[in-house]
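# Analysis of the macromolecular model
The lines below spell out each chain.
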2 protein chains.
Amino acid sequence: VAVGPGDDAAVVGDGWVLSTDLSVEGVHFRREWITDEEIGFRAATAALSDLAAMAAEPVGLLVSMAYLPGGAVDAEAVQRGVQAAAAAVGASILGGDVSRSPGPLVLDVTVVGWTAAPVLRSGANPGDALWVTGCLGRSAAAVSLWRAGGTPAPRLRSAFARPTARVAVARALAGSGVPTAMVDLSDGLAGDAGHLAAAGGVRVIVETARLPVDAPDEATPGSPTPLDAALHGGEDYELLFTAAPGAVEAWLQAAEPGVALTRIGHVEAGEGVWAATADGSLAPLSGGFDHLGASP
Amino acid sequence: VAVGPGDDAAVVGDGWVLSTDLSVEGVHFRREWITDEEIGFRAATAALSDLAAMAAEPVGLLVSMAYLPGGAVDAEAVQRGVQAAAAAVGASILGGDVSRSPGPLVLDVTVVGWTAAPVLRSGANPGDALWVTGCLGRSAAAVSLWRAGGTPAPRLRSAFARPTARVAVARALAGSGVPTAMVDLSDGLAGDAGHLAAAGGVRVIVETARLPVDAPDEATPGSPTPLDAALHGGEDYELLFTAAPGAVEAWLQAAEPGVALTRIGHVEAGEGVWAATADGSLAPLSGGFDHLGASP
């Protein structure tokens, strides 16, 4: 066992990377919000995102599913969604288990991948730049709208229902030795940046004005602002990583990342996660994400 | 991917063996029957038994658990049980996931092991002998007694609550090249022998008078006979394997298997599973095990 519990995934042998991710009806999703196929797709993507965070090449998935046969769940549609998410990153279904259950639909997806050089949470150095892929907060915005009885715009809905595991950009960056530390954004930027800070023994500074957030389409009473959704919303499945100053800019001269990369802060000596506002003041940022509030 | 879905476990790379096993409250167990620690122990053992069936050395476990926090389940006790089952075979906890759930306790245990030479379900040859480890039917007898309102004797109770994954004997047998095909008995002898027959393209003959069954302690109205419990009861987690005639007897001259090995039949050309009675007549055996009937 090369890497045990505490990172995005475990590593055994010469580079086999393993992670598992639960999706529970009423906690991680509601069946009124998305289709059964999307339930499978996002459950698998959430697990595959942990392989991306280690810069591992996905190999296969084990899919366990507990549900009430003869009830409302279309088990084959769920499996099709898992299969589609696996196929999107070149992985295959290795096996799994199915059980009847009197309770909510529960999916547990275990992923296995391989890499010669896993990128861990612990490698950030003072002076490194802090980068993120994609756009943050859309998934939380969709949930917020659903909970208020609204209908999210397509780009918000699909951020929740059909997220992308950032395997390709992770493999490309790591193949060039760019990331010093990496984590996927499943619990919200504030909480996941805290994992990088704690594992690396460093302070992470987030320049909030630089965050790639979405403009709100609709003002929903009680909804988080786009900035709050990005910082605390979770389940974006983008990658947060650190790199030596200038390393990403140099890499971008020749690379095609396929997704936006945004520098959103830096790493210092110290501890914790701090938000730096445009006027230069610092405030501590903390996590506290409790999934999407899909439960009533 | 060297071995995909359809065997006891999948094999990737040069011999990494992966399997996953669900345990659902009210389907696989009832919390009135066994302790929370035993729930964890047997869930982990059920998964580890699939590694034994491949003759793989256990390396680690990923443990996913969905339950209602603040409810009756002692999550730490469940985890202690998983840890004890892992320690019993020299494996460590690699990671996992925990989610709240409004439904029943759901445990999903994924195991990873390694072997240079996995023993598959498909290798049985006509002429091979059919062997089984341990004693069959105790687990089903315990469930039958619980369902009837009785209290199983300690050896029946522990067959259900604290089964043994037959890793040591599987590794020793396979290290000497003895088994030609192997499966673990999770669905009952009749059903699991059917897996060997189907995968190997052979007929499996079970000499029912030779089965290592328990004498009944108590006559419970409606309970299966010891023979029926052995054939159809499931969740014994013993190993069923085939070997060339005389191979096991020769191996036993020098080995210490640590568990009883009983020759219970043989393999012929043909298909399906057949029960041979003492007078030599044959009758088809079929599976149809639906877990332990833990649901009302």
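Residues numbered from 1 in each chain as written. Chains lettered and ligands numbered in written order. Predicted model: local features only at pLDDT ≥ 70, side-chain atom pairs only at ≥ 80, totals over all residues. Heavy atoms only, no water.

Looking now at the relation of the copies chain A and chain B. Each copy superposes on the other: chain A lies on chain B with an RMSD of 0.0 Å after a rotation of 180° and an axial shift of 0.0 Å. Those values place the two copies in the arrangement expected of a two-fold rotation axis. Among all residues of chain A, the one whose C-alpha sits closest to the rotation axis is A:Gly103, at a distance of 2.3 Å. Of all interface residues in chain A, 100% are interface residues in chain B too; the two copies therefore contact each other through one and the same surface. (Least-squares fit on C-alpha atoms with pLDDT ≥ 70 in both. Contact = heavy atoms within 4.5 Å.)

Once that is clear, we can look at the interface of chain A and chain B. On the side of chain B, 40 residues touch chain A, which itself brings 40 residues to the contact. Of the roughly 3,000 Å² buried between chain A and chain B on both sides combined, carbon and sulfur atoms contribute 67%. Run the count over chain A and chain B and you get 0 salt bridges. The interface formed by chain A and chain B contains 7 residue pairs in polar contact (both at pLDDT 80 or more). (Buried area = accessible area lost by both parts, 1.4 Å probe. Salt bridge = Lys/Arg side-chain N within 4 Å of Asp/Glu carboxyl O. Polar contact = N/O pair within 3.5 Å; in protein donor to acceptor, adjacent residues only side chain to side chain.)

Residue and element names in this part refer to chain A. Spatially, 5 strands are ordered E1-E2-E5-E3-E4 in an open sheet, and the strand pairing comes out mixed. Two strands close off the open sheet at either side, each with one partner strand: strand E1 (10-12) and strand E4 (92-100). Pairwise comparison of adjacent strand axes, ignoring direction, gives a mean angle of 20° for this sheet. In terms of strand pairing, E1 meets strand E2 (residues 16-24) through 3 bridges, oriented antiparallel. By the bridge assignment, Ala10 is partnered in E2 with Leu18. Here helix H1 (residues 36-53) sits on the sheet in contact with E2, strand E3 (57-67) and strand E5 (106-114), set at roughly 35° to E5. Against the sheet, helix H2 (residues 75-88) contacts E3, E4 and E5, and its axis sits at roughly 165° relative to E3. (Pairing = 2+ DSSP bridges. Helix = DSSP H or I, 4+ residues; strand = E, 2+ residues; numbered from the N terminus. Axes fitted to C-alpha atoms, helices over the stretch in contact; angles between N-to-C directions.)

Residue and element names in this part refer to chain B. Contact geometry for helix H1 (residues 36-53) and helix H2 (residues 75-88): axes closest at 6 Å, N-to-C directions at 40°. One finds that H1 runs oblique with respect to H2. H2 is crossed by H1, and the crossing has right-handed handedness. Residues Asp36, Glu37, Gly40, Phe41, Ala44, Thr45 and Leu48 of H1 pack against Ala77, Val78, Arg80, Gly81, Val82, Ala84, Ala85 and Ala86 of H2. Residues of the contact of H1 with H2, tallied by class, amount to 9 nonpolar, 3 polar and 3 charged. (Parallel < 35°, antiparallel > 145°, perpendicular 65-115°, else oblique. Left-handed = near helix turned anticlockwise from the far one by under 90°. Nonpolar A, V, L, I, M, F, W, Y, C, P; charged D, E, K, R; others polar.)

Another point: the pairing of strand E2 (residues 16-24) of chain B. Residue and element names in this part refer to chain B. Counting buried residues in E2 gives 9 out of 9 residues, a clear majority hidden from the surface. Between strand E1 (residues 10-12) and E2, which pair antiparallel in sequence order, lie 3 residues; one of them, Gly13, sits at a positive phi of approximately 65°. Bridge count between E2 and strand E5 (residues 106-114): 9 bridges; the pairing is antiparallel. From the neighbouring strand, Asp21 faces E5, where its bridge partner is Val109. (Buried < 20%, exposed > 50% of the residue type's maximum accessible area, 1.4 Å probe, protein only.)

A separate point is the side chain of B:Asp184. Residue and element names in this part refer to chain B. With respect to the element layout, Asp184 can be found in strand E7 (residues 179-184). Of the side chains with opposite charge, Arg121 comes closest to the buried, unpaired Asp184, at an N-O distance of 5.4 Å. One polar contact links Asp184 to Ser49, side chain to side chain, over a distance of 2.6 Å. Discounting residues that sit within four places of it in the chain, Asp184 has contacts with Asp8, Ala46, Ser49, Asp50, Ala53, Asp192, Tyr237, Glu238 and Leu239. (Lys, Arg positive; Asp, Glu negative; His and termini not counted.)

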